[in-house]
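# Reading the structure
Chain by chain, the residues:
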Amino acid sequence: MSAPSVWILNHYAVTPDLPGGTRHIDLGRELAKRGWHVTIFASSFQHHDHREAKLVPGEMWKLETVDGVRFVWIRTTPYAGNSLRRVLNMTSFMLRAWWIGRRLPATSAGIEIPKVVVGSSVHPLAVVAAWRLARRHRARFVMEVRDLWPETLVDMGELRAGSLTWKVLRSLMDFLYRRSDAVITVLPHAGEAIAARGVPEERIAWIPNGTNVERFDPAPRVRAPGAPFVVMYVGAHGRANALDVLLGAARIAQTQAGDAVRFVLVGDGPEKPRLVEEATRLGLTNLVFRPPVPKDAVPRTLADADATVAVLLDLPLYRYGTSLNKLADYLAAGRPILLAGAAKNNPVAEERCGLSVPPGDPEALASAALELAAATPERRAEMGRRARAYAKAHHDWDLLAERFAGVLDGVVARGHKP
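The structure reproduced in this document is the subject of the present report. These figures come from a predicted structure and were not determined experimentally.

Here we take up a nonpolar patch on the surface. Together, Met 60, Trp 61 and Leu 63 line one region of the surface with nonpolar side chains, adding up to about 250 Å² of accessible area. Turning to its location among the elements, Met 60 is positioned in the loop between β4 (51-52) and β5 (61-66).

Dropping the structure here:
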């Protein structure tokens, strides 16, 4: 019997040589070990730095195999910022993924007809394409919820509840929920909300974002006498990342302790130019911006940190919890973590692997950073050990892939659709 094939449509999927989240190639590697053929459909235009990363001029798509996982790179409309062109970028991904996917098994050697098609809802148009391809190939359809639509847009202030766009998006999501054979969510407390949209509870699985724990060196950074205590942020620089709070904390820490604590921000995003300008205006000498790094460079980047930091906006959507890519990496790195936020799940507080403060409070964040810097090495090392143990028990890709494979095996066991 031939190995089953799964197609995963994630507009923003990347390989480890690029910045960004590598959820699906990390899962794909592990699924391949369990006998699955994995093909990921992704845009070749990179969201993090707004550049064409995989296709040469004239190419509309191509196949690439990375660590045993096949990628279908698709040319999409380029854009910058949240403009109409970003909507066109999403639409072009949906249409081209459908067009390529419907013909792919017949035109490309070694590409099997899928048993399961997974649509990842970083935006819902990718899920629409996945549903259509599942129908085309008489495959099972699994919906992966990474952002709740339209709730996320409403809570971010980008959409008014009850508006025509809201009604359209809600109807579309209800349509997709009802047609899914299973729903995977990265949010730990979203199951009840998804069940209320018509999905039986037994078909909902929580599989958070993860990390490869063994790739991180948990040994504390060796700091020369008088060297600053480094608090590091690694991730996107967007509005949702609330980095103004981090700048405010750096200003307060500088006033109280000079350059004894240094904040290092690694990454890129639409807010970065403004944040750099604001840091200059504030005269921050204890805050450094660095360019983004490929995902496979994150472990050695975090090795240069004494502590890590994540900041959340104060939004109702966090009542469903959160599953930050960066937090999984922070835990694996074995460093104390500063978390500014009010999500329903809080492993930093629950596992005592760092300090947690309320969202939107630069003074509290600065105080926590100074407290960590003044703590004994033994106290920080114990926080780091608890962080790494939690990552190993709850976020290692081997564990998460076993759960993901269980979902796929379960829907395949029901047989192909007529």
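On the surface, a cluster of positive charge is made up of Arg 132, Arg 135, Arg 178 and Arg 179. Where the positive patch is concerned, the elements lending two or more residues are α3 (124-136) and α5 (164-179). With respect to the element layout, Arg 132 can be found in helix α3.

Quick look at the packing of aromatic side chains now. Enumeration over the complete set of coordinates arrives at four aromatic pairs. Both rings, one in Phe 45 and one in Tyr 79, keep their centres 5.4 Å apart while their planes meet at 50 degrees; by these two values the pair is tilted. Of this pair, Phe 45 sits in strand β3 (residues 45-46) while Tyr 79 sits in the loop between β6 (69-74) and α2 (84-107); the two residues are 34 residues apart in sequence, bridging distant segments of the chain. Note on accessibility: Phe 45 and Tyr 79 belong to one class, buried. Centroid distance Phe 71 to Trp 73: 4.8 Å. Interplanar angle 15 degrees. Geometry classified as stacked. Just as Phe 71 is buried, Trp 73 falls in that class too. Positioned above the aromatic ring of Trp 98 is the side chain of Arg 132, whose terminal nitrogen or guanidinium carbon lies 4.2 Å from the ring centre.

Where empty space is left can be seen by rolling a probe of water-molecule size over the atoms. In this structure, the second largest pocket spans a volume of roughly 290 Å³. Forming the boundary of the second largest pocket are 21 residues, of which Asp 26, Arg 29, Asn 212, Arg 215 and Trp 397 lie nearest the centre. Within the lining of the second largest pocket, the residues separate by chemical class into five nonpolar, six polar and 10 charged.

Turning to the pattern of salt bridges, a few remarks are in order. Applying the stated criterion across every chain, the model contains 27 salt bridges. As a salt-bridge pair, Glu 151 and Arg 170 come within 3.8 Å of each other at their nearest N and O atoms. Placement of Glu 151 in helix α4 (residues 151-155) and of Arg 170 in helix α5 is noted, with a sequence separation of 19 residues between them. Residue Arg 170 is classed as partly exposed on the basis of its relative accessible area of 28%. With its nearest N and O atoms 2.6 Å apart, the salt bridge here joins Asp 244 to Arg 274. Remark: Arg 274 occurs in helix α8 (residues 272-282) and Asp 244 occurs in helix α7 (residues 243-257); sequence separation between them is 30 residues. For Arg 274, a relative accessible area of 35% puts it in the partly exposed group.

The subject of this paragraph is the side chain of His 237. In this structure, His 237 sits in the loop between β11 (229-234) and α7. Residue His 237 is classed as buried on the basis of its relative accessible area, which comes to 0%. In this view, His 237 contacts Leu 243, Leu 265, Val 266, Gly 267, Asp 268, Gly 269, Pro 270, Glu 271, Lys 272, Leu 275 and Phe 289; residues no more than four positions away in its chain are not counted.

The next thing to look at is α7. With 15 residues, α7 ought to run about 21 Å at 1.5 Å a step, and its terminal C-alpha atoms sit 21 Å apart, in line with that. Residues of α7 that are buried include every one of Leu 243, Val 245, Leu 246, Leu 247, Gly 248, Ala 249, Ala 250, Ile 252, Ala 253 and Gln 254, and no others.

A word on the nonpolar core. Within soluble globular proteins, side chains that are nonpolar tend to cluster in buried spots. Ranked by size, the top nonpolar core spans 63 residues in total, and within it Val 231, Leu 246, Phe 263, Leu 338 and Leu 365 carry the most contacts. The element contributing the most residues to this core is α7, with eight residues. Those residues in contact with Leu 365 that sit more than four places away from it in its chain are Val 245, Leu 246, Ala 249, Val 309, Val 311, Leu 338, Ala 340 and Val 357. Counting 42 residues, the second largest nonpolar core, distinct from the first, contains Ala 97, Leu 148, Leu 153 and Leu 169.

Reading across from one edge, β5-β6-β2-β1-β7-β8-β9-β10 is the order of the eight strands in this open sheet, with mixed pairing throughout. Among the strands making up the open sheet, the edge pair consists of β5 and β10 (204-206). Taken over all neighbouring pairs, the strand axes of this sheet differ in orientation by 20 degrees on average, direction set aside. With four bridges connecting them, strand β8 (residues 140-145) and strand β9 (residues 182-185) associate as parallel partners. The partner of Val 145 across the bridge, within β9, is Thr 185. Contacting β1 (5-9), β7 (116-120) and β8, α3 crosses the sheet at an angle of about 170 degrees to β7.

What counts, and at which threshold
Every residue gets a number counted from 1 within its own chain, in the order that chain's sequence is written. Local features in this predicted model are restricted to residues of pLDDT 70 or higher, and side-chain atom pairs are both shown and tallied only at a pLDDT of 80 or more, whereas totals for entire chains, interfaces and linings draw on every residue. Side-chain measures were taken over the full set of non-hydrogen atoms in the model, leaving aside hydrogen atoms and water. Note that patches include only residues with greater than 30% relative accessible area and no salt bridge, and the join distances are 9 Å for like charges and 5 Å for nonpolar side chains (Val, Leu, Ile, Met, Phe, Trp, Tyr). Accessible surface area values rest on a Shrake-Rupley calculation with a 1.4 Å probe, where residue burial reflects the displayed protein chains alone. Any Lys or Arg side-chain nitrogen found within 4 Å of a carboxyl oxygen on Asp or Glu counts as a salt bridge. The secondary structure listing takes helices from DSSP runs of H or I that are at least 4 residues long and strands from runs of E that are at least 2 residues long, numbered from the N terminus. His residues and chain termini do not enter the charge count, which takes Lys and Arg as positive and Asp and Glu as negative. Charge positions come from single atoms, namely NZ of Lys, CZ of Arg, CG of Asp or CD of Glu. Any two of the Phe, Tyr and Trp rings considered here, Trp counted by its six-membered ring, make a pair once their centres fall within 6.5 Å; the pair's planes then place it as stacked at under 30 degrees, edge-to-face at over 60, or tilted in between. Under the scheme applied here, a residue whose accessible area is under 20% of the maximum for its type counts as buried, over 50% as exposed, and between as partly exposed, the area being computed with a 1.4 Å probe on protein chains only. Comment: the charge-over-ring label is applied if NZ (Lys) or CZ (Arg) is within 6 Å of the ring centre and within 35 degrees of the ring normal. A 1.4 Å probe that fits into a set of points on a 1 Å grid over the protein atoms alone but cannot get out defines a cavity; an open set with protein on both sides within 12 Å along at least five of seven lines defines a pocket, and lining residues are those with an atom within 4 Å of a point. Grid points are joined across faces, edges and corners, and a volume is the space filled by probe spheres set on the points. Here the nonpolar group is Ala, Val, Leu, Ile, Met, Phe, Trp, Tyr, Cys and Pro; Asp, Glu, Lys and Arg are the charged ones; every other residue, Gly included, is treated as polar. The contact definition used throughout considers only heavy atoms, calling two residues in contact when any of these lie within 4.5 Å. Expected helix span is taken as 1.5 Å per residue step, with the number of steps being one fewer than the number of residues. Only buried residues count toward a nonpolar core. Its members are Ala, Val, Leu, Ile, Met, Phe, Trp, Tyr and Cys residues joined through side-chain atoms within 4.5 Å. A pair of strands is treated as paired once DSSP finds two or more bridges between them. As a rule, the C-alpha atoms of each element are fitted with a line to give its axis, helices using only the stretch in contact, and angles between N-to-C directions run from 0 to 180 degrees.

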